[in-house]
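Overview (structure and organization)
Here is what each chain is made of, one letter per residue.
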Amino acid sequence: MSRARGAGEVSKTRHRGGRSLDTSRDLALREAALALLAEVGYDRLTMDAVAARARAGKTTIYRRWPGKAELVVDALNSLKGVPEVPDTGSLRQDLRALAESITSKESRFGAQVTIGMVNALAHDGELRRVFGDKFIAPRMAGFRTVFERAVARGEMPGGHDLDLLAGLFPALALQQLVMSGELPGTRLACQIMDEVVYPLATAPAARPYPAGDATAGGKPHG
């Protein structure tokens, strides 16, 4: 699981040009980015402001991250970490374990930060690309792995769109945020898994509509 390094921990990583890069300032830079994201939103966040908040040079930031989107998404990943993929031998228990793992980190991932990201994602194509590749994709892959194992065990029928199933919880979590201003807690997250995701995953897969039906307003064939 990805975790931010302690403030006193000094490490080295390989820079894109092949030179070793001291990463001891990375934690301060990530924390500055997240603090500004919560305060002013993604659109008004600047690299200059991050540098000032972290008391670092702007060139220090650009040696680590090529742009604002990469910095913010990396900071979010360090804060939340990618949930470990459970393997309990039961789809229901795997989904509940994912719910608990996801929500155990939400107390440090405030609604203000999330809302600021959602607003920017709607109109910033570069942020959507980086967020999709580096934040959403690893988490969707975890859900897919859980579903694939359930299919292999015979606990889930084949034929489901696993990407669609994997996107159910994030979509419902976003709806909860929009409706209440808060992200789902562990209890609600487990309820979503038990009452929405699990029943849909274990139900027989629907027959696909003939080409053109869904877009042309046609009715499904019985």
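Up top is the structure.
Now for a description of the structure that goes with this document. Owing to the predicted nature of the structure, the values given are computational and were not obtained by experimental measurement.

Once that is clear, we can look at unusual backbone geometry. Although it is not a glycine, R55 sits at a positive phi angle of roughly 55 degrees. Among the structural elements, R55 can be located in the loop between α2 (47-54) and α3 (58-64). Here R55 falls in the exposed class, since its relative accessible area comes to 79%.

All right, on to the packing of helix α4 (residues 68-80) against helix α7 (residues 125-153) then. Contact geometry of α4 with α7 gives a least axis separation of 9 Å together with a crossing angle of 25 degrees. As judged from the angle between their axes, α4 and α7 are roughly parallel. Taken as a pair, α4 and α7 cross one another with a handedness that is right-handed. Of the residues in α7, those touching α4 at A69, E70, V73, L76, N77 and K80 are E126, L127, R129, V130, F131, K134, F135 and R139. Among the residues making up the contact of α4 with α7, the classes are represented as 7 nonpolar, 1 polar and 6 charged.

Rules used in this analysis
- The numbering scheme is per chain: residues are counted from 1 as the chain's sequence reads.
- Whole-chain, interface and lining totals are the exception, using all residues; otherwise, since this is a predicted model, local features are given only for residues with pLDDT of at least 70 and side-chain atom pairs are given and counted only at 80 or more.
- Values shown for side chains rest on all heavy atoms present in the structure; no hydrogens or waters enter the calculation.
- Labels follow the DSSP assignment, with helices taken as runs of H or I lasting at least four residues and strands as runs of E lasting at least two, numbered in each case from the N terminus.
- Between buried and exposed lies partly exposed: a residue is buried under 20% and exposed over 50% of the maximum accessible area for its type, with that area taken using a 1.4 Å probe on protein chains only.
- Fitting a line to C-alpha atoms yields each axis, with helices limited to the stretch in contact; the angle taken between N-to-C directions then spans 0 to 180 degrees.
- Working definition: roughly parallel below 35 degrees, roughly antiparallel above 145 degrees, roughly perpendicular at 65 to 115 degrees, and oblique for all remaining angles.
- Note on convention: the crossing is left-handed when the near helix lies turned anticlockwise from the far helix by less than a right angle, right-handed when the turn is clockwise.
- Only heavy atoms matter for contacts: two residues are in contact if any of them lie within 4.5 Å across the pair.
- Under the scheme applied, nonpolar residues are Ala, Val, Leu, Ile, Met, Phe, Trp, Tyr, Cys and Pro; charged residues are Asp, Glu, Lys and Arg; polar residues are all the others, including Gly.

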